[in-house]
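Single-letter residue listing:
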Amino acid sequence: MFNSVYLNELFEKTRERNSSQPEYLQAVEEFFESMDFIVCNDPKIEKNAIMERAIEPERTIKFRVTWVDDKNVVNVNRGYRIQFNSAIGPYKGGLRFHPSVNESILKFLGFEQTFKNALTGLPMGGGKGGSDFDPRGKSDNEIMRFCQNFMQELYRHLGPDTDVPAGDIGVGFREIGFLYGMYRKIKNENTGVLTGKGLSYGGSLVRKEATGYGVCYFVAEMLRVYRNDNFEGKKVIISGCGKVGMHAALKAQELGASVIAMSDINGYVHDENGLDLNIIKMLTEKAPEFSQKYLEYRPSAIYEDSPVRMWGVPCDIALPCATQNELPLDGAKKLVENGCFLVAEGANMPTTLDATKYLQHADILFAPGKAANAGGVAVSGLEMSQNAQHYPWTYAEVDQKLEFIMADIFKKVYTEARKYTDHRNLVVGANIAGFMRVYQAMLEQGIL
Ligand code: NDP
Ligand code: 2IT
């Protein structure tokens, strides 16, 4: 499978030890494929068991969360925090609240977060956490009680220089507010221990937009460098219409593209003349499922009740921004068949491994999530800086820094891709560029 015997044996062992964790194994497999050449040519990696350490979380915290719903029923959920790697800085990464959350999903997310954070150039290690709690259909009071109980356990593992969580699927301003309030009350300190906070208590301007805007800044660099082109007149399709998808759509439109299709969990809407993003924004502020309701406002649009069929809409650029493995091989084939030339991952690992390979072999420009969606955590890093300085920056300052960081990530990833493989292979480029920083830090700090 790999040229390196060491990687082959380690992957076999990892597979045996984690046989019930498919998402984690998928992320490790993709990473090992990119590392093959490096590992074959640097004996220090095997000698220092760097790969064994890189794929194993430093700490896994798993806890019970008990809370009472509005009907006075007592509920029990599972809470987690995977503190994956702190070689280059405090653990940093989001919290996900979704019924599908389990150790496999959080381990893949924490593993990828480590290298993503390294790419930003900021001092942040990797972590991820969350719960199988489903926020859909819950009242604000239920959300508050859940968040407070979740934090009553998690607080002891956090700290501004230890572990700084943020949002992810199902966790936004509202949840971060409740989580932060409880942390502050228990610890009697205001050290900004979460990012994505409200602006009135230490949040950063541009954090809410950062991931989606960052994806577009990254894509703009790809268009410029590979095609001497820009977003002007391009047809874009976007899956997921949450924090990432919505802001990617708004920025793509601002840069001159036409967003012609977007999806939610139930289906997708398509309008060849461009969707009205104001209507979608208004609808998603009320409830995440917007697609069918959109027709009430724009009856000429087309609705289909299957989100995955959106990949069959002819487009120039596709941005999967919803969740892992949402872009399968069939979808990738449709994209290629219909003339799409660029795919950039706004979500974490939205493209299956076979779909990624298919797109790359078809010479589609492909940006992996750990590079393309790093804008969110980058602005989280800037939020930490502002909190530590006790001084907020302006919108323009943060936005300029975000744009600079995304262009810088592109440069690093492109440079490594060119050095080690084909200059279009940003998967290999991102894995190597992220790894090298973490590897260097681990090596210099000794056997831990
Ligand atoms: P949100 O919860 O804000 O939004 C996710 C959206 O995707 C929801 O509207 C959800 O709908 C929808 N959705 C879920 N499954 C599907 C599907 N199969 N097809 C279409 N839509 C679907 O999450 P975020 O926007 O924060 O996160 C989205 C992705 O981006 C995740 O992979 C996350 O890990 C990644 N990411 C997030 C960052 C951040 O800063 N928030 C940073 C970097 C990456 P519904 O609610 O109806 O289920
Ligand atoms: O996947 C991600 O990068 C995030 N959910 C954001 C993490 C963060 O700490 O801002």
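Details of the structure are given in the entry above.
Since the structure is predicted, the reported quantities are computational estimates derived from the model, not experimental observations.

**Examining the sheet that holds strand β9 (residues 302-304)**
- Spatially, the seven strands line up as an open sheet ordered β9-β8-β7-β6-β10-β11-β12, and their pairing is mixed. Taken across any chain shown, the strands that pair with only one partner, and hence form the sheet edges, are β9 and β12 (365-367). The sheet shows a mean angle of 15° between the axes of neighbouring strands, direction not considered.
- Bridging between strand β7 (residues 258-263) and strand β8 (residues 268-270) involves three bridges; their strand directions are antiparallel. Bridged to A261 within β8 is H270.

**Considerations on the site of ligand 2**
- If you check the shell around ligand 2, you find 14 residues, and the closest are K92, K116, K128, D168 and S380.
- Take K128: an N or O atom from its side chain is 2.9 Å from an oxygen atom of ligand 2.
- Mapped by element, the contributors of at least two residues to the shell around ligand 2 are β3 (91-97), α5 (103-120) and α15 (375-389).

**Things to note about the pairing of strand β2 (residues 74-85)**
- Where strand β1 (residues 59-68) and β2 come together, ten bridges link them in antiparallel fashion. Paired with W67 across the strands is N75, a residue of β2.
- Between β1 and β2, which follow one another and run antiparallel, lie five residues, and N72 among them has a positive phi close to 70°.
- Bridge count between β2 and strand β4 (residues 125-131): six bridges; the pairing is antiparallel. Directly across from Q83, in β4, lies its bridge partner G127.

**With respect to the packing of helix α2 (residues 22-41) against α5**
- Where α2 meets α5, the axes come as close as 6 Å, and the angle between the chain directions of the two elements is 30°. It follows from the interaxial angle that α2 and α5 lie roughly parallel. Where α2 approaches α5, its residues P22, E23, Y24, A27, V28, E30 and F31 are matched on the opposing element by S104, I105, K107, F108, F111, E112 and F115.

**Overview of the environment of E46**
- Inspection of the secondary structure puts E46 in helix α3 (residues 43-47).
- With 49 residues separating them along the chain, E46 and L95 place their C-alpha atoms 33 Å apart.

Calculation rules
- Residues numbered from 1 in each chain as written.
- Chains lettered and ligands numbered in written order.
- Predicted model: local features only at pLDDT ≥ 70, side-chain atom pairs only at ≥ 80, totals over all residues.
- Heavy atoms only, no water.
- Pairing = 2+ DSSP bridges.
- Helix = DSSP H or I, 4+ residues; strand = E, 2+ residues; numbered from the N terminus.
- Axes fitted to C-alpha atoms, helices over the stretch in contact; angles between N-to-C directions.
- Near = heavy atom within 4 Å.
- Polar contact = N/O pair within 3.5 Å; in protein donor to acceptor, adjacent residues only side chain to side chain.
- Parallel < 35°, antiparallel > 145°, perpendicular 65-115°, else oblique.
- Contact = heavy atoms within 4.5 Å.

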